[in-house]
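# Descriptive structure summary
Here are the chains, one letter per residue:
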Amino acid sequence: MHTCQRKSCLLEFLVLMFPGATVAPVIAQDVSNPTNVRVSATGLVTWDPVTGISEYRLEVCRIGVGCHEISESGNSHQIGDFHPDDPYRITIRSRSGGVDSSGTVVRWSPAASVEPNPLDDGGVAPHAGSSINVWQEGGSWVAQDYLRGEKLVIGSACEAGDAEGLLQSSDELEIRCLTTGQYQVVQRIPQHPQDMRTDLLVFDAASTNCYRAYQYPATEVTEIYSLGC
């Protein structure tokens, strides 16, 4: 009489029912989005490299004209026939194993369409659609969400190559050092509850490398809407 253990009997059953079949494991992949995405005045799109990806997929849209898609192996792309007087929307996704990240969005807006915000006078990266501003006071950086009145003082310096770390936090704001040596100020309470969108400001101590963005925690999308300091 043929006898077998439970596991070996199950294996014999699968082999008999499905000869030549193999069982492949399902591996969940989490592909990181590109960060520090910027568009220059000449249409050069750059971003920080993402480790372990095969390529980047870009959708370049010239608003009111059309869109096209392109892939890049490196962390930059020159928009062909760039028109700086027209608005653009560029979505960049990292690809690994055939899986794309959710995407990072950056926009180019003609300079004439950006109006200064008087509340940002003398601060970093003024923009009419923002609610976060930073400025120097007594040798330290001060960050404020002026919609809520919350202020935080940045007392530590960020250096390029350092590990990302939390500097200051409250119920309303959070300030981090990035590995690029920049500071990141982000709202903890959504500015727009209907889409759970929060404001984000990234800047360096020299005020030469800055951008503003919206974060959508539900989808992990970061949408950059203002560049420059």
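Now for a description of the structure that goes with this document. (Residues numbered from 1 in each chain as written. Predicted model: local features only at pLDDT ≥ 70, side-chain atom pairs only at ≥ 80, totals over all residues. Heavy atoms only, no water.)

## Looking at the packing of aromatic side chains
- All chains considered together, the criterion is met by six aromatic pairs.
- Sitting over the face of the ring of Tyr-214, Arg-197 holds its NZ or CZ atom 3.5 Å from the ring centroid. (Phe/Tyr/Trp six-rings, centres within 6.5 Å; stacked < 30°, edge-to-face > 60°. Lys NZ or Arg CZ within 6 Å of the ring centre and 35° of its normal.)

## Some remarks on the nonpolar core
- Of all hydrophobic cores here, the largest spans 24 residues; its most connected members are Ile-90 and Ile-92.
- Residues in contact with Ile-90, not counting those within four places in the same chain, are Val-39, Leu-58, Glu-59, Val-60, Ile-79, Thr-104, Val-105 and Val-106.
- The next biggest cluster of nonpolar side chains, apart from the first, holds 16 residues, and it includes Val-134, Ile-154, Cys-158 and Tyr-183. (Core = buried A, V, L, I, M, F, W, Y, C linked by side-chain atoms within 4.5 Å. Buried < 20%, exposed > 50% of the residue type's maximum accessible area, 1.4 Å probe, protein only. Contact = heavy atoms within 4.5 Å.)

## Things to note about the pairing of strand E14 (residues 183-187)
- With five of five residues buried, E14 is to be regarded as a mostly interior element.
- Burial along E14 is two-sided: Tyr-183, Val-185 and Gln-187 and Gln-184 and Val-186, pointing in opposite directions, are all buried.
- Two strands pair when backbone bridges link them, and strand E13 (residues 173-177) and E14 are joined in this way by five bridges, in the antiparallel orientation. What sits directly across from Leu-173, in E14, is Gln-187.
- If you look at the hairpin formed by E13 and E14, you'll find five residues sitting between the two strands, and Gly-181 has a positive phi there, around 90°. (Helix = DSSP H or I, 4+ residues; strand = E, 2+ residues; numbered from the N terminus. Pairing = 2+ DSSP bridges.)

## Some words on the environment of Leu-152
- Structurally, Leu-152 can be placed in strand E11 (residues 150-154).
- On the basis of relative accessible area, Leu-152 is assigned to the buried category, the value being 11%.
- The contact partners of Leu-152, leaving out residues within four places of it in the chain, are Trp-141, Val-142, Ala-143, Gln-168, Ser-169, Ser-170, Leu-173 and Ile-175.

## Here we look at the pairing of strand E2 (residues 44-48)
- With burial as the criterion, only one face of E2 is covered, namely that bearing Val-45 and Trp-47; the residues Leu-44, Thr-46 and Asp-48 on the opposite face remain uncovered.
- Where strand E1 (residues 35-39) lies against E2, three bridges are found, and the strand directions are antiparallel. The partner of Arg-38 across the bridge, within E2, is Thr-46.
- Between E1 and the antiparallel strand that follows it, E2, lie four residues; Gly-43 among them carries a positive phi value of about 90°.
- Strand direction decides the pairing type here: E2 and strand E5 (residues 76-78), joined by three bridges, are antiparallel. By the bridge assignment for E5, Val-45 is matched with His-77.

Geometric values such as these leave the question of function open.
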